[in-house]
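# Structural description and commentary
Spelled out, the chains give:
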Amino acid sequence: MLDSKKIHFFIPDTENSMDMPFVSSGIKAGFPSPAADFDEVRISLDQIVVKNKSATFYAKASGNSMIGAGISDGDILVIDRSLEPANNKIVVCCVDGEFTVKRIKIEKQIVCLVPENDDFEPIYITEDNQFVIWGIVTYVLKKI
């Protein structure tokens, strides 16, 4: 069963990206360190998440089939269409005219799209399906 909600795609606007302050040394999640310990640099998130500008898209995730992989309803997915699909990668694909996000499992001649939520069943791809792997999810941007 496919997650019945649609995926909305967006093209990254790398020409008008905003440079924001970035603490390159990391921020400790344990005990605080003095403020003088950090080195501020300016970056754009596009510089980090977009590796192949002409083949990268953003999409807004819809539904809960991938919550076990850290993808929740409303998250922004960064999808690179230039990457080759491989076993265990998270893919955006089109199955019988519907887009879905799933983990791909490839064993021998069997392709299976596996959700990361027990409320959903895996999708076994057969020769009867119209199936296209549209791209590989490389990053997930989320609001916390």
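The numbering scheme is per chain: residues are counted from 1 as the chain's sequence reads. pLDDT decides what is reported in this predicted model: residues at 70 or higher carry local features, side-chain atom pairs at 80 or more are listed and counted, and totals for whole chains, interfaces and linings draw on all residues regardless. Computation of side-chain values: all heavy atoms of the structure, hydrogens and water removed.

Another point: the overall build of the protein. In terms of regular secondary structure, the protein is built from 1 helix and 10 strands. A run of H or I in DSSP counts as a helix once it spans at least four residues, and a run of E counts as a strand once it spans at least two, with each numbered from the N terminus. In the protein, the succession of α and β elements from N to C terminus is β-β-β-α-β-β-β-β-β-β-β. Counting across all 144 residues of the protein, residues that qualify as buried make up 33%. Accessible surface is estimated by sampling points in the Shrake-Rupley manner with a 1.4 Å probe; for residues, cover comes only from the protein chains shown. Total accessible area on the protein stands at roughly 9,600 Å², and carbon and sulfur atoms take up 54% of it. Remark: exposure states derive from per-residue accessible area (1.4 Å probe, protein chains only) relative to the maximum for the residue type, with buried under 20%, exposed over 50%, and partly exposed in between.

One rule of thumb: low pLDDT means the predicted coordinates there are not for detailed reading. Residue-level pLDDT values for the protein average 82, and 72% of them are 70 or greater. You can read pLDDT as the predictor saying how much it trusts each residue, on a scale of 0 to 100. When mean pLDDT is taken per element in the protein, strand β9 (residues 123-125) scores highest with 96 and strand β2 (residues 20-23) scores lowest with 54.

Along the chain, Val132 falls in strand β10 (residues 131-141). Look at Val132 and you get partly exposed, because its relative accessible area is 44%. Each C-alpha atom of the pair Val132 and Cys94 lies 5.2 Å from the other, and the pair is 38 residues apart in sequence.

Before going further, it helps to spend a moment on the nonpolar core. Buried Ala, Val, Leu, Ile, Met, Phe, Trp, Tyr and Cys residues that are joined via side-chain atoms within 4.5 Å together make up what is termed a nonpolar core. Phe57, Ala59, Ala61, Met66, Ile71, Leu77, Ile79, Ile90, Val92, Val101, Trp134 and Val137 form the largest nonpolar core, which has 12 residues in total. For this core, the secondary structure elements donating two or more residues are β4 (56-60), β5 (76-80), β6 (90-95) and β10. Residues count as neighbours in contact if any of their non-hydrogen atoms are within 4.5 Å of one another. In this structure Ala61 touches Ile71, Ser72, Asp73, Gly74, Asp75 and Leu77, once residues within four positions along its chain are discounted.

Attention shifts here to the packing of aromatic side chains. Classification of ring pairs rests on two measures: the distance between centres of Phe, Tyr or Trp rings, Trp counted by its six-membered ring, which must be within 6.5 Å, and the angle between planes, read as stacked under 30 degrees, edge-to-face over 60 and tilted in between. Taken as a whole, this structure holds 2 aromatic pairs when the rule is applied. For the pair Phe57 and Trp134, a centre-to-centre distance of 5.1 Å together with 55° between the ring planes defines the contact as tilted. In this pair, Phe57 sits in strand β4 while Trp134 sits in strand β10, placing the two residues 77 residues apart along the sequence. For the pair Phe57 and Trp134, a shared accessibility class is recorded, and that class is buried. Between Phe99 and Trp134, the ring centres sit 5.9 Å apart and the planes meet at 85°, which makes this aromatic pair edge-to-face. Placement of Phe99 in strand β7 (residues 98-107) and of Trp134 in strand β10 is noted, with a sequence separation of 35 residues between them. These aromatic residues form a ring-pair network of at least three members: Phe57, Phe99 and Trp134.

On to a nonpolar patch on the surface, then. Residues enter a patch when their relative accessible area is above 30% and they make no salt bridge; the linking distance is 9 Å between like charges and 5 Å between nonpolar side chains (Val, Leu, Ile, Met, Phe, Trp, Tyr). What counts as a salt bridge is simple: a side-chain nitrogen of Lys or Arg found within 4 Å of a carboxyl oxygen of Asp or Glu. Judged by side-chain polarity, Leu45, Ile48, Tyr139 and Leu141 come together as a nonpolar surface patch covering roughly 320 Å² of accessible area. Looking at the nonpolar patch, the elements with two or more residues in it are α1 (45-49) and β10. Within the secondary structure layout, Leu45 lies in helix α1. For Leu45, a relative accessible area of 54% translates into the label exposed.

Right, let's talk about the pairing of β4 for a bit. Burial analysis of β4 places 4 of its 5 residues in the buried class, which makes it a mostly covered element. Across 5 bridges, β4 lies against β5 in antiparallel orientation. Along β5, the bridge assignment pairs Phe57 with Ile79. Two strands are counted as paired when DSSP detects at least two bridges linking them.

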